[in-house]
Amino acid sequence: ENHDRAILEASAKHPIVPLEKGKFYTYGTAGFRMKADLLEGISFRVGLLASLRSRKLNGQAIGVMITASHNPAADNGVKIVDPLGEMLEQDWERYATALVNATSDEQLVEVYNRLATDLKIDLKASAKVVYGRDTRPSGHKLVTALADGLESTKTEYVDFKILTTPQLHYLVRATNSEGTPLSYGKVSELGYYEKLAGAFVRAMKGRRINGTLQVDCANGVGGPKLSEFLKHIPKDKVNFDVKVVNDDVLRPELLNLDCGADFVKTKQRAPPNPKPQPGLRSCSLDGDADRLIYYWQDPEGGFVMLDGDRISSLAASFIGGLVESAGLKDDLRIGVVQTAYANGASTNYITQHLKLPVICTPTGVKHLHHVAQGFDIGVYFEANGHGTVLFSPDALNSFKTKEPQSPAQKDALDTLAALGDLINQTVGDAISDALMVEVILAHKNWTLRDWAMTYADLPNRLVRVEVGNKDLFQTTDAERRLSAPEGAQDEIDQAVKKYKDARSFARASGTENACRVYAEAASRSEANELAERVRDRAVSSSSPLEPDPIL
Ligand code: G16
């Protein structure tokens, strides 16, 4: 079947915004992300790509999520999800880029057909795409464009409307595994809540949660979804007192504004609203609820943050302990995956105290996820709070089938099996991760202070730097070193040498038009000073500053 005519006609309704010569749209850390008014044509073309991908994979459902997550309200993004709920296979990012950068409707049809031929895709085969969007108002127009792309290629589709990003990932996997022995859950938003609530109750058996948890939802989709989820927890089984704040999705300009996980992590302080209450156990989600940061205001010590590294080491230590109690230590290999942003103290704690292997990958869940799959139990978190714990089929199977030799072993196996259902296996999920943290704290009978006492973070600073051309910054060694601009790495090395226990790196963001600089050192003032030096170096090597809306 030939879709040429339909694509031509539909594409004319969703034109791509041309870029100046030499510039291209790129598939970044988490898909195409930029000012929302540039995205309509891109969303249409992503529809074509998703249909090709589904046809290539025997009609399995492909997901598309419209979100710009932690970015400001004016941005949006389009991201493709593979059949098991994972990020799009990286080879295919190139094909997505080729489609999106076609300069005319005719060229678009040409690229589409060439991809079909080269990749041996039968355009008559069936195709299915499921999609959702966050609360950004621009999402509406973008899903219309996406649906036109799907219709022009005769692709079946399901619009799941407004969702958190991890819910969409769940739904993709649930769709593709429905009716098989590996069924991931019911194919509905309700199915997601039921699965999580059921697993939470099982994991909490015989334990209780102390005090209230305040959840800042970044005024994004996580607010209404968390409130909905909470209705599914039976009060007589688990008493979970949650105060949902910053959940205003009716005023879109408030999204991620002075609140949310990215604010807390980069500013290293609690959102000003609601006024921080000393001692209150708090956490923040980001705009699409795939990141999580815990914190509290200590009446004596001030603000204390428990970021992705902390969640990672907490999960690794707890799950490692359960595996040992379950008598599975020799059968299951546990490992932790981090990025260059991981605090050096966390890496030391995991390797030296927990005695677990740590692997460092470039930024982006797509990289960490893949490496974590190499373990039976792979714990991966970015310092910014994005991550999850993956269990291999063997691991999940042994939790369910191993004969317990004692009540303690049975308890450990039951908890592990419950965690296998509670923890989102497709992608980092702030709601699921928060439930996991609450389970662990309840099992250990820990406060956030107990958790924070496990090790001391090295003081650190993360800065966002607006530069003329961020693409000049090329990295190597899992983004820990710069290979370009020339001489920049030497200067960073020189600067780092001046401080105790110091480390610093610079890299181009894949979701914002900016560079990021990270520095850590033995004292706060040294970390700040080092970050500023490296930032100045980054600015000077990439001037002149020019406006550039493209990532
Ligand atoms: C996305 C990715 C994360 C990444 C973050 C920042 O998060 O999913 O893996 O850490 O962007 O990436 P970069 O430093 O390249 O801008 P989110 O929450 O915005 O989807």
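These figures come from a predicted structure and were not determined experimentally.

How each quantity is defined
- For every chain, the first residue of the written sequence is number 1, and numbering continues from 1 along that sequence.
- Confidence filtering applies because this is a predicted model: local features only for residues at pLDDT of at least 70, side-chain atom pairs given and counted only at 80 or more, and all residues used for totals across whole chains, interfaces and linings.
- Excluded from the side-chain calculations are hydrogens and water; all other atoms, namely the structure's heavy atoms, are used.
- Just so you know, the domain bounds were taken from an automatic or database domain assignment.
- Runs of E in the DSSP output that reach at least two residues are strands. Runs of H or I that reach at least four are helices, and both are numbered from the N terminus.
- Three labels apply to residues, based on accessible area from a 1.4 Å probe with only protein chains included: buried if under 20% of the type maximum, exposed if over 50%, partly exposed otherwise in between.
- Polar contact is defined as a pair of N or O atoms within 3.5 Å, subject to the rule that within protein one atom must be able to donate a hydrogen and the other to accept it, and that residues adjacent in sequence are counted only when both atoms are side-chain atoms.
- Throughout, a residue-residue contact means that at least one pair of heavy atoms, one from each residue, lies within 4.5 Å.
- In what follows, salt bridge is the name for a side-chain nitrogen of Lys or Arg lying within 4 Å of a carboxyl oxygen of Asp or Glu.
- At least two bridges found by DSSP between two strands are what make those strands a pair.

For the protein chain, the assigned domains read domain 1 (4–162), domain 2 (197–306), domain 3 (308–452) and domain 4 (460–540). Here the C-alpha centre of domain 4 lies 31 Å away from the C-alpha centre of domain 2.

Below, the discussion takes up the side chain of Arg310. Along the chain, Arg310 falls in helix H10 (residues 308–325). Taking relative accessible area as the criterion, Arg310 reaches 4% and is therefore assigned buried. Side-chain polar atoms of Arg310 contact the backbone oxygen of Tyr455, separated by 2.9 Å. With near-sequence residues (within four places) excluded, Arg310 lies in contact with Trp451, Ala452, Thr454, Tyr455, Ala456 and Asp457.

Throughout the structure, instances matching the rule amount to 33 salt bridges. When the shortest N-O distance is used, the salt bridge between Asp477 and Arg480 registers 3.1 Å. Assessed through its relative accessible area of 39%, Asp477 is described here as partly exposed. Classification of Arg480 as partly exposed rests on a relative accessible area of 35%.

Attention now moves to the pairing of strand S4 (residues 128–133). The element S4 is extensively covered by neighbouring structure, given that 5 of its 6 residues are classed as buried. For strand S2 (residues 61–66) and S4, the ladder comprises 6 bridges, and the chain directions are parallel. Its bridge partner being in S4, Ile66 is matched across the sheet by Arg133. Here 5 bridges tie S4 to strand S5 (residues 156–162), and the two strands are oriented parallel to one another. Residue pairing for S5: Lys128 is matched across the bridge by Glu156.

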